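Letter by letter, the chains look like this.
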Protein chains: 2
Amino acid sequence: MDEQSQEARFSYKGLDLTIHEKARLSLLASLVSTPKGLSFGDLKRLCGLTDGNLSRHVKVLVEAGLVEMEKGYANNRPHTHCKITRKGEGQFLNYIAVLEKVVQDAAVLSDQIGHVSALKPE
Amino acid sequence: MDEQSQEARFSYKGLDLTIHEKARLSLLASLVSTPKGLSFGDLKRLCGLTDGNLSRHVKVLVEAGLVEMEKGYANNRPHTHCKITRKGEGQFLNYIAVLEKVVQDAAVLSDQIGHVSALKPE
C-alpha cells in the first residue's frame, strides 16, 4: 500500500457517533427488527437498559430524527411506542456498511492467528 | 420468539467499551493489520487522529493491556512504537464476533427495504 492510500485508512469516518454509542446501537437494532415499533417496556427488556438510560438515549435518537415516539394509552395506562423513521433506516444501513468494513479488516487477524501454531492446542 | 428468548436480545454485552470507542477501534484495527507494530506517526495518519487524542487513547489501550508501547530513538529522534498484545488480539476478535452479530441482525432491515417498492427508483 503506498503512503497516499494509507491516509486515514482506519479512521472509519462513517461510524456515526449518534448510532455507535452502545445503548443507541441496541435500540436501533431492536427497532429495525420490529418495523411496527416497540413499547418502552419492550425496548427496556430487549436492550437490557434502565429506565433512565432508555429515556436518555431514545431522546437523542428522536432529536436526531432517527426514531419517532408516540405517547398514548394502553389498558388505561400511559404507553410510549417507538418506531424507527425512514431517515433512521437509511442512516443505520450506512452505519452497518462501515461495521462490515471493520469486520473485513479484522479478518486479517483471524488469518494470522490461524497460522500461529503456538496459539493452537496440540 | 417467546418472551424468555427475547430477554436482552439486543444488549450486545460483548461490545467491550474499551474497544468500541471509535478512536480506539481505529487504533486496534490499524495495529491488527500490521503485526510488527506501528509508530505514533503512522497511527496518527492511519486513524486520522490529533496528537492529543492519539496519546490519550493509546494510554487507555496500554493500561487495559491490549497494546504495548516501546519508546526509543530512530534517526536520533525520539520514536514511539506500538504493538497489539496477545491479549489485545484475543479481545479484539471477541469484539469483532459481536460486531458480526450486529451486522447479521441488521440484515433484516436490508431485506425489508428491498421489498418496499416506494424506496426503489422506478
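Structure: above.
Given the structure is predicted, the values throughout are model-derived calculations rather than measurements.

1. Side note on the nonpolar core
Membership of the largest hydrophobic core comes to 64 residues, with the highest contact counts inside it found for Phe92 of chain A together with Phe92 of chain B. Sequence-distant contacts of Phe92 of chain A, defined by excluding residues within four places in its chain, comprise Ile19, Leu25, Leu28, Ala29 and Val32 of chain A together with Ala106 and Leu109 of chain B.

2. Re the relation of the copies chain B and chain A
Under the fitted operation, chain B is carried onto chain A by 0.0 Å of movement along the axis and a turn of 180°, and the coordinates agree to an RMSD of 0.0 Å. The superposition of one copy onto the other is thereby described by a two-fold rotation axis. The position closest to the rotation axis in chain B is occupied by the C-alpha of Leu99 of chain B, lying 3.4 Å away. When the interface residues of chain B are mapped onto chain A, 100% of them again fall at the interface, so both copies present the same face.

3. Notes on the pairing of strand β2 (residues 67–74) of chain A
In regular strands, side chains alternate between the two faces of the sheet. Residues and elements named next belong to chain A. Sheet topology places β2 next to strand β3 (residues 77–84); 8 bridges connect them, and they run antiparallel. Counterpart to Ala74 in the pairing with β3 is Arg77. Adjacent in sequence and paired antiparallel, β2 and β3 are bridged by 2 residues, among which Asn75 carries a positive phi angle near 50°.

4. Let's talk about the packing of aromatic side chains
Under the counting rule described, the total for this entry stands at 4 aromatic pairs over all chains. Here Phe92 of chain A and Tyr95 of chain A contribute two aromatic rings whose centre-to-centre distance is 6.4 Å and whose plane-to-plane angle is 20°, an arrangement assigned as stacked. Note that Phe92 of chain A and Tyr95 of chain A are positioned in helix α6 (residues 86–114) at a spacing of 3 residues, about one turn of the helix. Accessibility assignment for this pair places Phe92 of chain A and Tyr95 of chain A in one class, buried. An angle of 75° between the planes, with centres 6.3 Å apart, marks the rings of Phe10 of chain B and Tyr12 of chain B as edge-to-face. For Phe10 of chain B, a relative accessible area of 3% gives the class buried.

Cut-offs applied
Residues numbered from 1 in each chain as written. Chains lettered and ligands numbered in written order. Predicted model: local features only at pLDDT ≥ 70, side-chain atom pairs only at ≥ 80, totals over all residues. Heavy atoms only, no water. Core = buried A, V, L, I, M, F, W, Y, C linked by side-chain atoms within 4.5 Å. Buried < 20%, exposed > 50% of the residue type's maximum accessible area, 1.4 Å probe, protein only. Contact = heavy atoms within 4.5 Å. Least-squares fit on C-alpha atoms with pLDDT ≥ 70 in both. Pairing = 2+ DSSP bridges. Helix = DSSP H or I, 4+ residues; strand = E, 2+ residues; numbered from the N terminus. Phe/Tyr/Trp six-rings, centres within 6.5 Å; stacked < 30°, edge-to-face > 60°.

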